[in-house]
Amino acid sequence: MVSIGVIVLRRTQPDLPRGFRVPGYPVVPLASIGFCVYLITGLHADTFKAGGAALVVAVAVYFGYSIKHSKLERAGERADAGSKVG
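Here's a quick rundown of the structure. (Residues numbered from 1 in each chain as written. Predicted model: local features only at pLDDT ≥ 70, side-chain atom pairs only at ≥ 80, totals over all residues. Heavy atoms only, no water.)

### Some details on the overall build of the protein
Moving on, step 1. On a plain count of helices and strands, the protein comes out with 4 helices and 0 strands.
Moving on, step 2. When the helices and strands of the protein are placed in sequence order, the string is α-α-α-α.
Moving on, step 3. Relative to its 86 residues, the protein shows a buried fraction of 7%.
Moving on, step 4. Carbon together with sulfur atoms contributes 70% to the accessible area of the protein, which is approximately 7,500 Å² in total. (Helix = DSSP H or I, 4+ residues; strand = E, 2+ residues; numbered from the N terminus. Buried < 20%, exposed > 50% of the residue type's maximum accessible area, 1.4 Å probe, protein only. Areas by Shrake-Rupley, 256 points an atom, 1.4 Å probe, with all protein chains shown as cover.)

### Remarks on the side chain of Ser3
Moving on, step 1. For Ser3, the position within the fold is in helix 1 (residues 2-12).
Moving on, step 2. On the basis of relative accessibility, which here comes to 14%, the residue Ser3 falls in the buried class.
Moving on, step 3. Reaching out from Ser3, the side chain makes a polar contact with the side chain of Ser32 at a distance of 2.9 Å.
Moving on, step 4. Apart from residues lying up to four places away in sequence, Ser3 is in contact with Pro29, Ser32 and Ile33. (Polar contact = N/O pair within 3.5 Å; in protein donor to acceptor, adjacent residues only side chain to side chain. Contact = heavy atoms within 4.5 Å.)

### Quick word on unusual backbone geometry
Moving on, step 1. Of note, the bond from Tyr25 into Pro26 is cis; its omega dihedral lies within 30 degrees of zero at 5 degrees.
Moving on, step 2. On the secondary structure map, Pro26 appears in the loop between helix 1 and helix 2 (27-41).

### Brief notes about the side chain of Arg10
Moving on, step 1. Structurally, Arg10 is set in helix 1.
Moving on, step 2. No salt bridge is formed by the buried Arg10; the nearest opposite charge belongs to Asp15, separated by 10 Å.
Moving on, step 3. Sequence-distant contacts of Arg10, defined by excluding residues within four places in its chain, comprise Arg18, Arg21, Val22 and Tyr25. (Lys, Arg positive; Asp, Glu negative; His and termini not counted. Salt bridge = Lys/Arg side-chain N within 4 Å of Asp/Glu carboxyl O.)

### Describing helix 1
Moving on, step 1. Every buried residue of helix 1 is listed here: Ser3, Val6, Ile7 and Arg10. With its buried residues spanning 95 degrees around the axis, helix 1 presents them on a single face. Residues of helix 1 that are exposed and point more than 90 degrees away from the buried face comprise Val2 and Thr12.
Moving on, step 2. On its buried face, helix 1 sits against helix 2. (Arc of directions from axis to C-beta.)

### Considerations on the packing of aromatic side chains
Moving on, step 1. Taken as a whole and assessed by the stated rule, the structure comprises 2 aromatic pairs.
Moving on, step 2. On the basis of an interplanar angle of 85 degrees and a centroid distance of 5.2 Å, the ring pair of Tyr62 and Phe63 is categorised as edge-to-face.
Moving on, step 3. Taking the relative accessible area as the measure of exposure, Phe63 reaches 49% and is therefore partly exposed.
Moving on, step 4. A cation over an aromatic ring shows up here: Arg10 above the ring of Tyr25, its NZ or CZ 4.7 Å from the ring centre. (Phe/Tyr/Trp six-rings, centres within 6.5 Å; stacked < 30°, edge-to-face > 60°. Lys NZ or Arg CZ within 6 Å of the ring centre and 35° of its normal.)

In structure tokens form, the structure reads like this:
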């Protein structure tokens with residue numbers, strides 16, 4: 001994902017200040033993407049199943065927590081309470 005982001009940002013926002021420069025651009029990011037795809041294709045199907053299950057649990061926890069602790073929701077409740085008084 002980082003390598004894809006480097007390529008996209010270089011093309012879409014070339015004047016953006018950069019904290020570091022990628023050596024050998026665009027060869028290094030493309031090689032990185034290719035090597036990652038090669039490694040992923042060698043994984044066992046059980047790895048993808050476990051990753052999918054972990055993703056489902058993580059998304060459920062994330063949204064469950066965010067619904068209860070949303071600052072935007074609390075701000076809306078305060079605004080509603082203020083408009084009902086008076």
